[in-house]
Amino acid sequence: MKARLLDATEWADPRAPFIALWTDAAYAYALLQPAELLATPLIDGGYPALSPRAPGAAWFERLAHNLNGATAIGAIDTRPAVEQLRAPDGAGTWPEFAAAAGEGVHQVAMGPVFGTITEPAHYRFSVLGEQVLKLEIRHGYAHRGILALIRGKSPRLAARFAARISGDATVAHSLAFAHAAEAALGVQPPPRAQALRGVMAELERIANHARDLGEIAGLAGGAVLQTRLGAQREAFCAAAYAAFGHRLMMDLVIPGGVAEDLRSGGAAAIGAALAGLEVALPALNRMFCGAGLENRLAGTGVIPHALAAAYAPGGFVGRACGQRADARQRPGYPPYAGLAVNVPVAAGGDAAARVRVRLAELAESTRLIRLLLRDLPEGTIAVAPPPESGEGLGVAESFRGPVWTWLSVASGTIADVFIADASALHWPLLEQAAAGALADFPLIEKSIGASCAGVDF
């Protein structure tokens, strides 16, 4: 997919919702919804910033400066995106955090190292008593250089790195990467592989929603509900193992198809997990919508509709604010074209609305998996990508929202790559939604569910 070349004036006035931005040695690229790729030349290493009109571009502009040295002229935020850009001897300035103005305001720091397996991030709260006035979040403490590791490899070899961008969305990132490689090389995966990819993606969606909903319930005081949802997640991880040989289905989606066919007994294992969820869902909905949990979630972590419109976040975060974007529908990709995907939405913009959307997505993913398994085509599961040249753009709808991959391939070797996780547009919304009681923050954070790894690649 070739980018449409714009001059500086056209570039600086995006007319569609922003998705991602990156640079190479000669150009800055911007991806807009639903799948429009734009480019403008770098002049003396700089390009006009998009962040004044599209605030979601701010983190991408910061990352482009850290990784490639390109400067977004007029950017609204010039802080580093990768915090570990320090000399081996430790020289360099530590990040500064400006407190909110006012008498009696003090700062509370959390992270970046936690006492659990929590991903590294630094949270700096400006508080007045127990009231959060401002939150500033810093990432980049676990930057892994995945883009550099992908360059110079064949798509098949590089797929393993894409699968590890964010482990809980490994199928989605693998699928976006495969779509990009296939678009660049002119490859069409077999129909059976496309259907199996859909089954894997929906299994991943259910398992992650069940995990997060359980943790939300636990933070809100619903220990019984947390236990029930934990059991549901385990049932689907076990079903994935029975069906495909890996609980998270990592490294199963590859350019050209899938690496593993549905195993003997796999369909039955998935069917049993789906049946268990269908039986449990009415009770789970009643328990979440009961007076205690509903009151705890309602009005907590509100994202105003105007802010959601400015950032255009994907996934349940955007859908809880009335937005209907879903990459399975638009721009769309196999095997969803004939499945009439239903995209649940809510209007509250709070933790309760995000929970309602997730619960509805559990039921919809159950329906989609049943359809895909019922009509599963026969045939091969993969074709070999040819050593051709080209550019490709790929997308997949993860449980958090759309993940994107852009690839430039030269004679079968990846020359350049960029990957965008849905979390990049969720973290700045968490900063805004955190206003309220400090004790509510863990619940707000989990209800939005952004990934540190998704922005620390």
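For clarity, every value in this text was computed on a predicted model and none was experimentally measured.

> Which residues make up the overall build of the protein, and what values go with them?
Scanning the protein from N- to C-terminus turns up 15 helices and 15 strands. Within the protein, contacts between residues separated by at least 24 positions form 67% of all contacts whose residues are at least 6 apart in sequence. For the protein, the exposed area adds up to about 17,800 Å²; of that, 57% sits on carbon and sulfur atoms. Taking the average location of the 38 positive side-chain charges in the protein and that of its 42 negative ones, the two points are 4 Å from each other.

> How would you summarise the sheet that holds strand β9 (residues 131-138) if you had to cite specific residues and measurements?
As summarised here, the arrangement of the four strands in space is β7-β8-β9-β15, forming an open sheet in which the pairing is antiparallel. Strands at the two margins of the open sheet, each flanked by one partner only, are β7 (106-110) and β15 (436-437). As defined by bridge partners, β7 adjoins strand β8 (residues 122-128) across five bridges and the pair is classed as antiparallel. From the neighbouring strand, Gln107 faces β8, where its bridge partner is Ser126.

> Which residues make up the pairing of strand β13 (residues 402-410), and what values go with them?
Most of β13 is tucked away, with seven of its nine residues classed as buried. The sheet contact formed by strand β12 (residues 390-397) and β13 spans eight bridges and is antiparallel. Pairing of Glu391 across the sheet is with Ser408, part of β13. The turn linking β12 back onto β13 is made up of four residues, and Gly401 within it adopts a positive phi angle of 145 degrees.

> How would you sum up the sheet that holds β13? Please name residues and give values.
Read from one edge of the open sheet, three strands run β12-β13-β14, paired in antiparallel fashion. Unpaired on one side and paired on the other, β12 and β14 (413-420) mark the two borders of the sheet. With strand direction ignored, the average angle separating the axes of adjacent strands in the sheet is 15 degrees. Both β13 and β14 contribute to a ladder of seven bridges, which runs antiparallel. Pairing of Trp404 across the sheet is with Ala420, part of β14. Here helix α5 (residues 170-185) sits on the sheet in contact with β12, β13 and β14, set at roughly 150 degrees to β12.

> Could you give an account of the nonpolar core, naming the residues involved and the relevant values?
Among the nonpolar cores identified, the biggest contains 148 residues, and Phe60, Phe244, Ile270 and Phe288 are the most heavily contacted of them. No other element matches helix α6 (residues 191-219), which puts 13 residues into this core.

> Tell me about the packing of α6 against helix α15 (residues 441-448), residues and numbers included.
At a minimum axis separation of 9 Å, α6 and α15 run at an interaxial angle of 165 degrees. Between α6 and α15, the crossing angle belongs to the class labelled roughly antiparallel. Both α6 and α15 take part in a crossing whose hand is left-handed. On α15, the residues that touch Asp212, Glu215, Ile216 and Leu219 of α6 are Pro442, Leu443, Lys446 and Ser447. Across the contact of α6 with α15, the residue classes tally to four nonpolar, one polar and three charged.

> For the packing of α6 against helix α13 (residues 351-374), give the residues involved together with the corresponding values.
Closest axis-to-axis distance for the α6/α13 pair is 9 Å, and the angle between their directions is 155 degrees. On the basis of the axis angle, α6 is roughly antiparallel to α13. Crossing of α6 over α13 shows left-handed handedness. Residues that form the contact of α6 with α13 fall into these classes: 14 nonpolar, five polar and five charged.

> An account of α15 is needed here, citing residue identities and associated values.
Phe441, Leu443, Ile444, Ser447 and Ile448 are the residues of α15 that are buried. Projected down its long axis, α15 carries its buried residues within an arc of 165 degrees, all on one side. Phi for Gly449, located one or two positions after α15, is positive at around 70 degrees.

> Please give an account of the environment of Arg263 that cites residues and values.
Within the secondary structure, Arg263 is located in the loop between β11 (257-258) and α8 (266-288). Residues Arg263 and Ala242, spaced 21 residues apart in sequence, show a C-alpha to C-alpha distance of 7.1 Å. Sequence-distant contacts of Arg263, that is, excluding residues within four places in its chain, are made with Tyr241, Ala242, Ala243, Phe244 and Gly245. At 2.9 Å, the side chain of Arg263 and the side chain of Glu260 are in polar contact.

> I'd love a proper account of the pairing of strand β3 (residues 27-32), names of residues and values included.
Residues in a regular strand point their side chains to alternate faces of the sheet. Taking burial as the measure, the six residues of β3 include five buried ones, the bulk of the element. Bridging between strand β2 (residues 18-23) and β3 involves five bridges; their strand directions are antiparallel. Within β3, the residue paired with Trp22 across the bridge is Tyr29. Where β3 lies against strand β4 (residues 36-41), six bridges are found, and the strand directions are antiparallel. Counted as the bridge partner of Ala30 is Leu38 from β4.

> Could you give an account of unusual backbone geometry, with specific residues and numbers?
Cis geometry is found at the peptide bond from Gln33 to Pro34, where omega equals -5 degrees. Mapped onto the fold, Pro34 is located in the loop between β3 and β4. Phi is positive for Met249, which is not a glycine, with a value near 60 degrees. Take Met249: it is sitting in the loop between α7 (223-244) and β10 (253-254).

> Can you explain the packing of aromatic side chains? Please cite residues and give values.
Using the criterion set out here, one finds 15 aromatic pairs in the structure. Ring centres 5.7 Å apart and planes at 15 degrees place the aromatic pair Trp22 and Tyr29 in the stacked group. Ring centres of Tyr29 and Trp406 lie 5.2 Å apart, and the angle between their planes is 35 degrees; this geometry places the pair in the tilted category. Here Trp406 lies in strand β13 and Tyr29 lies in strand β3, a separation of 377 residues in the sequence. Using a relative accessible area of 2% as the deciding quantity, one classes Trp406 as buried. Taken together, the aromatic side chains of Phe18, Trp22, Tyr27, Tyr29, Trp59, Phe60, Trp406, Phe418 and Phe457 make up a single cluster linked through ring pairs. A cation over a ring is seen here: Arg138 above Phe97, with NZ or CZ 5.1 Å from the ring centre. Positioned above the aromatic ring of Phe316 is the side chain of Arg358, whose terminal nitrogen or guanidinium carbon lies 3.7 Å from the ring centre.

Here is what the cut-offs are and how they apply
- Residues numbered from 1 in each chain as written.
- Predicted model: local features only at pLDDT ≥ 70, side-chain atom pairs only at ≥ 80, totals over all residues.
- Heavy atoms only, no water.
- Helix = DSSP H or I, 4+ residues; strand = E, 2+ residues; numbered from the N terminus.
- Contact = heavy atoms within 4.5 Å.
- Areas by Shrake-Rupley, 256 points an atom, 1.4 Å probe, with all protein chains shown as cover.
- Lys, Arg positive; Asp, Glu negative; His and termini not counted.
- Charge placed at Lys NZ, Arg CZ, Asp CG, Glu CD.
- Pairing = 2+ DSSP bridges.
- Buried < 20%, exposed > 50% of the residue type's maximum accessible area, 1.4 Å probe, protein only.
- Axes fitted to C-alpha atoms, helices over the stretch in contact; angles between N-to-C directions.
- Core = buried A, V, L, I, M, F, W, Y, C linked by side-chain atoms within 4.5 Å.
- Parallel < 35°, antiparallel > 145°, perpendicular 65-115°, else oblique.
- Left-handed = near helix turned anticlockwise from the far one by under 90°.
- Nonpolar A, V, L, I, M, F, W, Y, C, P; charged D, E, K, R; others polar.
- Arc of directions from axis to C-beta.
- Polar contact = N/O pair within 3.5 Å; in protein donor to acceptor, adjacent residues only side chain to side chain.
- Phe/Tyr/Trp six-rings, centres within 6.5 Å; stacked < 30°, edge-to-face > 60°.
- Lys NZ or Arg CZ within 6 Å of the ring centre and 35° of its normal.

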